[in-house]
Amino acid sequence: MKGLWLENNQLQLRTNIPIPEPPPGEALVRVLRAGICNTDLELIKGYYPYTGIIGHEFVGIVEQGPQQLINQRVVGEINAACGECRFCRRGQPTHCENRTVLGIVNRNGAFAEYLSLPIENLHLVPENVSTAAATFTEPIAAALEIQQQIQICKDDRVLVVGDGKLGQLIAQTLALTGCELLVVGRHKDKLINLAAKGIKTGLADSVTDRYFDISVDCTGNPEGFNIARRALRPRGTLILKSTYAGNLSLDASSLVVDEITLIGSRCGPFVPALELLATGKIDVQYLIDSHYSLVQGLEAFEKAKTKGVLKVLLEMSS
């Protein structure tokens, strides 16, 4: 089969990759469409030493697996857990000590014609959700993870720093809480999309220091982190949604003095993400920048690296 293979920080299109043979408990999924994520770009930069097929945001059709899933469209949670370690026993499989992660850790990913995932990771796509829209399930779930980790009330002042793909989804999910929300970024054309949905937006200089109860950094750069940090009141909460290829410098003393809670936030719940798509409470169509075929994968990645570009989708059958 064809797939985009990453090795030694170099991405290449391979045409002779064996089709996966699912072990017991897993399903073979023919990938229909997959989205390029900032994490994929960071992997190429060396954020994590990975060799194999990358990609983890996908929609596919089950070809081998339980009868009720055969020929059905599915999306899949990316962490494949062992079910036996202390985290699995505690109901925290995304932190399984023995996990593999689709397209990120020891498991070939979605930028290929086929992939294999545990059956328990798969979720049916509602009929009224398009294949293109369903590719956003994983990042919407990641956005919703914030609300799994902390309670957000209408009285909370919340800042989102970053107007990229994930920042846009986080802003939309947080807006549903009714909180006092501000989203800041560098690109007026992106912020306009959120403003049109009734979400307050601005540039970085519109942030009032020590005003917000909660701030979310979605930028993946130190400047964004600094904006999110200085915006917080004492005993505020700073949520990190970005992966960094390099190291991040911070003023640890200020975190102690202001008693700031720092939370890393990663994967989230798929069921409510699919519900938001099915009910139309989250808009993803405007986030799609372009479509490429799998054989145009290298070109697609160059497009995805371009400043200001939102979501680039790969279509496997084109």
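It should be emphasised that the depicted structure is a prediction, and the values quoted were computed from it without experimental measurement.

Peer 1: Before we go on, may I ask you to explain the packing of aromatic side chains in this structure?
Peer 2: Aromatic rings considered in pairs are described by the distance between their centres and by the relative angle of their planes. One pass over the full model with this rule turns up 2 aromatic pairs. Pairing Tyr211 with Phe212 gives two aromatic rings, centres 5.0 Å apart and planes at 80 degrees, and the pair type is edge-to-face. According to the relative accessible area criterion, Tyr211 is partly exposed, its value standing at 27%. Over the ring of Phe87 we find Arg90; its NZ or CZ atom is 5.9 Å from the centre of that ring.

Peer 1: Just checking my understanding: could you explain the domain arrangement of the chain for this structure?
Peer 2: Note: interface size is frequently given as the accessible area lost on complex formation between the parts. Entries for the chain in the domain assignment read domain 1 (3-124 + 288-315) and domain 2 (149-264). Look at where the C-alpha atoms of domain 1 and domain 2 centre, and you get two points 28 Å apart. At the junction of the two partners, domain 1 supplies 11 residues and domain 2 supplies 8 residues. For the domain 1 and domain 2 pair, buried surface summed over both sides reaches about 860 Å², with 57% attributable to carbon and sulfur atoms. The largest per-residue losses of area from domain 1 upon contact with domain 2 belong to Glu42, Tyr47 and Leu310, which jointly make up 52% of the total buried on that side. Where domain 1 touches domain 2, the interface holds 0 salt bridges. Taken together, the connections running from domain 1 to domain 2 amount to 1 residue pair in polar contact (both at pLDDT 80 or more). Split into classes, the residues belonging to the side of domain 1 that touches domain 2 amount to 4 nonpolar, 3 polar and 4 charged.

Peer 1: Teacher, can you tell me more about the pairing of strand S14 (residues 212-217) here?
Peer 2: Regular strands show a simple pattern: their side chains alternate between the two faces of the sheet. For S14, the buried fraction is high: 6 of the 6 residues fall into the buried class. One ladder, built from 4 bridges, connects strand S11 (residues 157-161) with S14; its direction is parallel. Across the sheet, the residue bridging to Val160 is Val216, located in S14. Sheet topology places S14 next to strand S15 (residues 232-240); 5 bridges connect them, and they run parallel. Across the sheet, residue Ile214 finds its bridge partner in S15, namely Thr237. In terms of handedness, the path from S14 via helix H7 (residues 222-230) over to S15 forms a crossover that is right-handed.

Peer 1: Explain the environment of Thr39 here, please?
Peer 2: The residue Thr39 is located in helix H1 (residues 38-45) in this model. Sequence separation between Thr39 and Gly103 is 64 residues, and the spatial gap between their C-alpha atoms is 9.9 Å. Excluding anything up to four places from it in sequence, Thr39 contacts Tyr47, His56, Ile104 and Thr243.

Peer 1: How should I be thinking about the packing of helix H5 (residues 165-175) against helix H6 (residues 188-195) in this particular structure?
Peer 2: Packed helices, taken two at a time, are described by their axes: the angle between them and the distance between them. For the pair H5 and H6, the least separation of the axes is 11 Å and the interaxial angle reads 20 degrees. It follows that H5 is roughly parallel to H6 by the angle criterion. Classified by chirality, the crossing of H6 by H5 is right-handed. Contact residues: Gln168, Ala171 and Gln172 in H5; Lys190, Leu191, Asn193 and Leu194 in H6. In the contact of H5 with H6, the residues fall into 3 nonpolar, 3 polar and 1 charged.

Here is what the cut-offs are and how they apply
- Residues numbered from 1 in each chain as written.
- Predicted model: local features only at pLDDT ≥ 70, side-chain atom pairs only at ≥ 80, totals over all residues.
- Heavy atoms only, no water.
- Phe/Tyr/Trp six-rings, centres within 6.5 Å; stacked < 30°, edge-to-face > 60°.
- Buried < 20%, exposed > 50% of the residue type's maximum accessible area, 1.4 Å probe, protein only.
- Lys NZ or Arg CZ within 6 Å of the ring centre and 35° of its normal.
- Domains from an automatic or database assignment.
- Contact = heavy atoms within 4.5 Å.
- Buried area = accessible area lost by both parts, 1.4 Å probe.
- Salt bridge = Lys/Arg side-chain N within 4 Å of Asp/Glu carboxyl O.
- Polar contact = N/O pair within 3.5 Å; in protein donor to acceptor, adjacent residues only side chain to side chain.
- Nonpolar A, V, L, I, M, F, W, Y, C, P; charged D, E, K, R; others polar.
- Helix = DSSP H or I, 4+ residues; strand = E, 2+ residues; numbered from the N terminus.
- Pairing = 2+ DSSP bridges.
- Right-handed = clockwise from strand over helix to strand, strands pointing away.
- Axes fitted to C-alpha atoms, helices over the stretch in contact; angles between N-to-C directions.
- Parallel < 35°, antiparallel > 145°, perpendicular 65-115°, else oblique.
- Left-handed = near helix turned anticlockwise from the far one by under 90°.

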